[in-house]
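Fold and contact review
Residue strings, one per chain:
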Amino acid sequence: MNRAPFGRSVVSAMCGIGTLSIAMLCGCDTNVGQRASATRGMSLLEIAQKNHELSTNYDERWVAPIGRGGRVAAGIVGADGAEITVSCGSCHGNFSPDASRRSADGLKEFHQGLHYQHGGGQPLSCLTCHHAENYNRLRLADGTPVEFSESHMVCAQCHSKQYRDYEHGAHGGAIGYWDRSRGDLTRKTCVDCHDPHAPAFPLMRPTFKPLDRFLNDGHSTRAGAEHD
Amino acid sequence: MTEREGNGSSNTTSSPPPDNALPIIGQMSRRTVVKGLGAALGMGAFAVAAAPLLEKRNEMSAAEFMQRHYKVLTDDDKSEIFRRLEEEAKQRYGAEVTIGDQRPQPGVRFGYAINLSLCNGNGKCMEACHRENNHDRTTGQSYIRVFEMPKGTQDLAQGNTGYTHPVPQLDKYYLPVQCFQCDDPPCVDVCPVEATWQEEDGIVVIDYNWCIGCRYCQAACPYHARRFNWKAPQIPANEVNGDQGYLSNRIRPQGVVEKCHFCLHRTRQGRLPACLEACPTGARIFGNLLDPQSTIRWVLANKRCFVLKEELGTRPMMFYFFD
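Note that this is a predicted model, so its numbers are computed, not measured. (Residues numbered from 1 in each chain as written. Chains lettered and ligands numbered in written order. Predicted model: local features only at pLDDT ≥ 70, side-chain atom pairs only at ≥ 80, totals over all residues.)

Across its full length, chain B holds 10 helices and 12 strands. Put simply, chain B has 323 residues, and 39% of those count as buried. Taking the intrachain contacts of chain B between residues at least 6 apart in sequence as the baseline, contacts between residues at least 24 apart amount to 65%. (Helix = DSSP H or I, 4+ residues; strand = E, 2+ residues; numbered from the N terminus. Buried ≥ 20, exposed ≤ 12 C-beta atoms within 10 Å, placed from the backbone. Contact = placed C-beta atoms within 7 Å.)

Shown next as structure tokens:
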């Protein structure tokens, strides 16, 4: 059970010639969406590393580490130019789950390089959030299956204050109309900003500075003097 | 000021003293050299300073010179003026723009809140403001400044806006400052020509064509929220935001004061301000203070909000809180 219980067939498919047909059998489609273009041609390890580089441009940061919405990128591009994805269960259905696993360290085949830091000193097990019997779903603490699209319900079990704020519109930001009678309001969900496997908000590098007369002209003893 | 000097002296131990001395040019002719230098500099400075005035006089049309105060304009006046300004934008910037006259909505009073526990000082709000509001590209102007503040103080003099290191730093908090649309705005009181005033939804606006550029309002604002257009903004044609308002983000003329207007060309049409939509941390919350169901009302009722320099009695409509 200590061996990585993950999809041998998909890994070989990624490297081999028979990729397309196997991925098709696994039920591929193209719903990874526009984020896939940023990671096209990269190995899963490279994608994971990219996710955890110091973010200089938030928009380009690919948040979800391996998959999204219960599907993973197969690392290949279909005839229509879109990334091919595979449902989680198509591989996990062939292996028994390992409830003791609390990191990606030592995995030999899949999810290698997954940066996992969730739960502080006592990291959560994969199966705290992932459903052991159906990897296309998440689970609540009482075992209730939850769709990936409803993942905020899983987060809300522990992060109740953030969820309360979110429900009142005071967490997570918004785009659109404050006056709902005149237009729609688009809300983000937890995993749009927080990598669920390492949810701490990343360091960012400020990219824009107004060129004030009093900055960096030698007159100020404070501005920018002690840093960089 | 004494506070500031106190902090300065503690810093000077680590940083070299500012180089204020004039360069010394030989002992014998110092006086004459300095006098000559002063005269030359003075003349040069006068020529440089006068050039924009001459340029501006050439640019000002008779219609612009005769234009009356915004509040007494009829609808016909406005459409004529807006058309003229749109043509000017076309000529000077090569951009197609639409200048609207967004008015306050009945039953709306705007409030803004920022969660300082979430703000990490990344500065995306400044950048969004810069683009949305047609700011000068050469100076990177913006209505917002994000101060990196030592924890435990609200003294802006101890803040630093020039940081470039990764954020957030653990021993700092980040304080975005822009116009707070005060309920008792000192900037409005001091304007000698009533070029700036508060409207029904709380937004303090400026008629850029009525402003005489005296900058009294800049001096009166305790939050340094107002900016002066030392020169006409330079913006490439493809970067001009064509969605404009007469009292908000239209390209400002040279020699007038400007400031944040809560993106009134957006917010009076029900949309959210550009800085809020750009914030990657979700720290910004905007809404109608008169709507009991609004997010901003929930924040005011459930978070421990404060305003900057409350003791001045300006009653800002921008509220800060920590979680």
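More follows now that the structure is in view.
It is worth spelling out the overall build of chain A at this point. Along the backbone of chain A there are nine helices and seven strands. Split into buried and exposed, the 228 residues of chain A put 24% on the buried side. The long-range fraction of contacts in chain A, counting pairs at least 24 apart against all pairs at least 6 apart in sequence, stands at 56%.

Turning next to the sheet that holds strand S2 (residues 110-115) of chain B. Residue and element names in this part refer to chain B. An order of S10-S2-S12-S11 is seen for the four strands of this open sheet, with the pairing classed as mixed. Of all strands in the sheet, those bounded by a partner on one side alone are strand S10 (284-288) and strand S11 (305-306). Strands in contact with helix H10 (residues 295-302) are S2, S10, S11 and strand S12 (318-321); relative to S10, the strand with the most contacts, it is inclined by about 115 degrees. (Pairing = 2+ DSSP bridges. Axes fitted to C-alpha atoms, helices over the stretch in contact; angles between N-to-C directions.)

For soluble globular proteins, nonpolar side chains are generally found buried alongside one another. Within the largest apolar cluster, 68 residues are counted, with the highest numbers of intra-cluster contacts made by Cys-125, Cys-129 and Cys-275 of chain B. In this view, Cys-129 of chain B contacts Ser-142, Tyr-143, Ile-144, Ala-274 and Cys-275 of chain B; residues no more than four positions away in its chain are not counted. In this structure, Ala-73, Ile-84, Cys-88 and Tyr-135 of chain A belong to the second largest nonpolar core, which totals seven residues. (Core = buried A, V, L, I, M, F, W, Y, C linked by C-beta atoms within 7 Å.)

So, about the confidence of the model for chain A. Residue and element names in this part refer to chain A. When the pLDDT values of chain A are averaged, the result is 72; 63% of them are 70 or greater. Looking over chain A, one finds the lowest element-wise mean pLDDT in helix H2 (residues 19-25), namely 39, and the highest in helix H8 (residues 160-167), namely 96. Low confidence marks residues 216-228, where pLDDT is under 50. Its contacts with residues over four positions away, or in another chain, come to 30 contacts. (pLDDT = per-residue confidence, 0-100.)

Every α-helix carries 3.6 residues per turn, so stepping three or four residues along brings you back to the same face. For H10 of chain B, the set of buried residues is Thr-295, Ile-296, Trp-298 and Val-299 of chain B. With its buried residues spanning 160 degrees around the axis, H10 of chain B presents them on a single face. (Arc of directions from axis to C-beta.)

With that out of the way, let us pick up the confidence of the model for chain B. Residues and elements named next belong to chain B. Summing up the model confidence of chain B, the mean pLDDT is 89 and the portion of residues at 70 or higher is 88%. In the predicted structure, residues 1-14 sits below a pLDDT of 50 and forms nine contacts with residues beyond four places in sequence or in another chain. The ipTM for the predicted assembly is 0.79, set against a pTM of 0.75.

With that settled, consider the pairing of strand S2 (residues 71-77) of chain A. Residues and elements named next belong to chain A. Among the seven residues of S2, five are classified as buried, and the element is accordingly described as predominantly covered. Where S2 and strand S3 (residues 83-87) come together, four bridges link them in antiparallel fashion. From the neighbouring strand, Ala-73 faces S3, where its bridge partner is Thr-85. Two successive antiparallel strands, S2 and S3, enclose a turn made up of five residues, where Gly-81 displays a positive phi of approximately 85 degrees.

It is worth spelling out unusual backbone geometry at this point. Cis geometry is adopted by the peptide bond preceding Pro-168 of chain B, which originates at Val-167 of chain B and carries an omega value of 0 degrees. For Pro-168 of chain B, the position within the fold is in the loop between strand S3 (145-150) and strand S4 (172-177).

Here we come to the environment of Asp-291 of chain B. When you line up the elements, Asp-291 of chain B lands in the loop between S10 and H10. Sequence separation between Asp-291 of chain B and Val-108 of chain B is 183 residues, and the spatial gap between their C-alpha atoms is 7.7 Å.

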